[in-house]
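Remarks on the overall topology
Residues per chain, in single letters:
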Amino acid sequence: MADLITLRVTRYRPENDTEPTTQDYEIPLRKEWAVLDGLNHIKDHLDGTLSYRWSCRMGICGSCGMTVNGEPRLTCATFLEDCAPGPIRVEPLRNFPVIRDLVVEIGDFMRKLPQVKPWVIREEEASIDSEYLQTPAELDQYKQFSMCINCMLCYSACPVYALDKDFLGPAAIALAQRYNLDSRDQGSAERMDVLSAAEGIWSCTFVGECTTACPKGVDPAGAIQRYKFTAAMESLKAFLLPRGTR
Ligand code: FES
């Protein structure tokens, strides 16, 4: 018989419960199992009432983010063996309202994301049968920011977002930079108002927890600092240079 390990899982039904509680489940400790496999074992064999999100099981969809032993993690990429001997605490992502058990409500991010216009903006569209060509070096400029999977681990880790829900947040700003740095894009001026507002880049105090938490190697903290420099230079140019020469 396989060794066992305990998952200590947060249970919460806001419509019925006044406070979250925890429930322990003993599951097989299998070498190839991630925390998500343990949750699936609970759902399939021990307790079908447990609620959580997942989809791809391969670190792509970004839906399985939870707090594991106090850290924001993708549960499909966090192995039970690495958390042994347990019990392994599995809680919902912090900084978001809980809908049920381990499922959080991310509508705040979904409303903020379109504000930074995360798509290629062109002053004039090329004809439908032409392409916007790009060199490998130009791709390298923004490639790491394109790896974001919107998993919300960075928002869960961010102490500024914990205190100020108006803060645009790490992923939205990193995704804006992904397009600002894209040689095919001409929309950086359109993103400037939102990014350089008080709730944009200037709210970030460069704690860097977002970059530490990111499971895809994106550096949102670096993107924000880089954009602060760009915004400061733009302000300086606007102050020093006569209109029409900027
Ligand atoms: Fe898709 Fe984990 S299930 S990222």
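Small disclaimer: the values here were computed from a predicted structure and weren't measured. (Residues numbered from 1 in each chain as written. Predicted model: local features only at pLDDT ≥ 70, side-chain atom pairs only at ≥ 80, totals over all residues. Heavy atoms only, no water.)

**Comments concerning the overall build of the protein chain**
In terms of regular secondary structure, the protein chain is built from ten helices and seven strands. For the protein chain, the spread of C-alpha atoms along the three principal axes comes to 75 × 40 × 30 Å. Buried residues in the protein chain amount to 44% of all 246 residues. In the protein chain, the proportion of contacts linking residues at least 24 apart, taken out of those at least 6 apart, comes to 63%. Looking at the protein chain as shown, the accessible area adds up to about 13,300 Å², and 52% of this sits on carbon and sulfur atoms. Side chains of the protein chain give 27 positive and 34 negative charges; the mean places of these two sets differ by 1 Å. (Helix = DSSP H or I, 4+ residues; strand = E, 2+ residues; numbered from the N terminus. Buried < 20%, exposed > 50% of the residue type's maximum accessible area, 1.4 Å probe, protein only. Contact = heavy atoms within 4.5 Å. Areas by Shrake-Rupley, 256 points an atom, 1.4 Å probe, with all protein chains shown as cover. Lys, Arg positive; Asp, Glu negative; His and termini not counted. Charge placed at Lys NZ, Arg CZ, Asp CG, Glu CD.)

**Examining helix α7 (residues 170–180)**
The element α7 is largely enclosed, with a buried count of eleven among its eleven residues. Within the span of α7, buried status applies to Pro-170, Ala-171, Ala-172, Ile-173, Ala-174, Leu-175, Ala-176, Gln-177, Arg-178, Tyr-179 and Asn-180.

**Description of the packing of aromatic side chains**
According to the stated counting rule, one finds three aromatic pairs in the structure shown. Measuring from ring centre to ring centre gives 5.4 Å for Phe-109 and Tyr-155, while their planes differ by 70°; the resulting arrangement is edge-to-face. Placement of the pair is Phe-109 in helix α3 (residues 107–112) and Tyr-155 in helix α5 (residues 153–157), with a sequence separation of 46 residues. On the basis of relative accessible area, Phe-109 is assigned to the buried category, the value being 1%. Summarising the aromatic geometry, the rings of Tyr-155 and Tyr-161 are spaced 5.0 Å apart at their centres and angled 90° between planes, so their arrangement reads as edge-to-face. With respect to class, Tyr-155 is no different from Tyr-161; both count as buried. (Phe/Tyr/Trp six-rings, centres within 6.5 Å; stacked < 30°, edge-to-face > 60°.)

**A word on the pairing of strand β5 (residues 88–91)**
Only one face of β5 is covered, namely the face carrying Ile-88 and Val-90; the face carrying Arg-89 and Glu-91 is uncovered. Of the pairings in the sheet, the one linking strand β3 (residues 65–68) to β5 comprises two bridges and is antiparallel in character. Bridge pairing in β5 links Thr-67 to Glu-91. (Pairing = 2+ DSSP bridges.)

**Quick look at the environment of Arg-184**
Along the polypeptide, Arg-184 turns up in the loop between α7 and α8 (188–195). With 81 residues separating them along the chain, Arg-184 and Val-103 place their C-alpha atoms 37 Å apart. When neighbours within four sequence positions are excluded, Arg-184 is seen to be in contact with Val-120, Ile-121, Arg-122, Tyr-132, Gln-134, Tyr-142 and Arg-178.

**Topic: the environment of Gly-38**
If you trace the backbone, Gly-38 turns up in helix α1 (residues 35–46). Beyond its immediate chain neighbours, meaning those up to four positions away, Gly-38 contacts Leu-7, Ile-27 and Trp-33.

**Looking at α8**
When α8 is considered as a whole, its buried residues turn out to be Arg-191, Met-192 and Leu-195. Viewed end-on, α8 has its buried residues packed into an arc of 125°, placing them on one side of the element. With respect to the buried face of α8, the exposed residues turned more than 90 degrees away are Ala-189 and Asp-193. (Arc of directions from axis to C-beta.)

**Quick notes on the side chain of Thr-75**
With respect to the helices, strands and loops of the structure, Thr-75 is situated in the loop between β4 (71–74) and α2 (80–83). If we ignore the near neighbours within four places in the chain, the residues touching Thr-75 are Ala-34, Val-35, Leu-36, Cys-64, Met-66 and Val-68.

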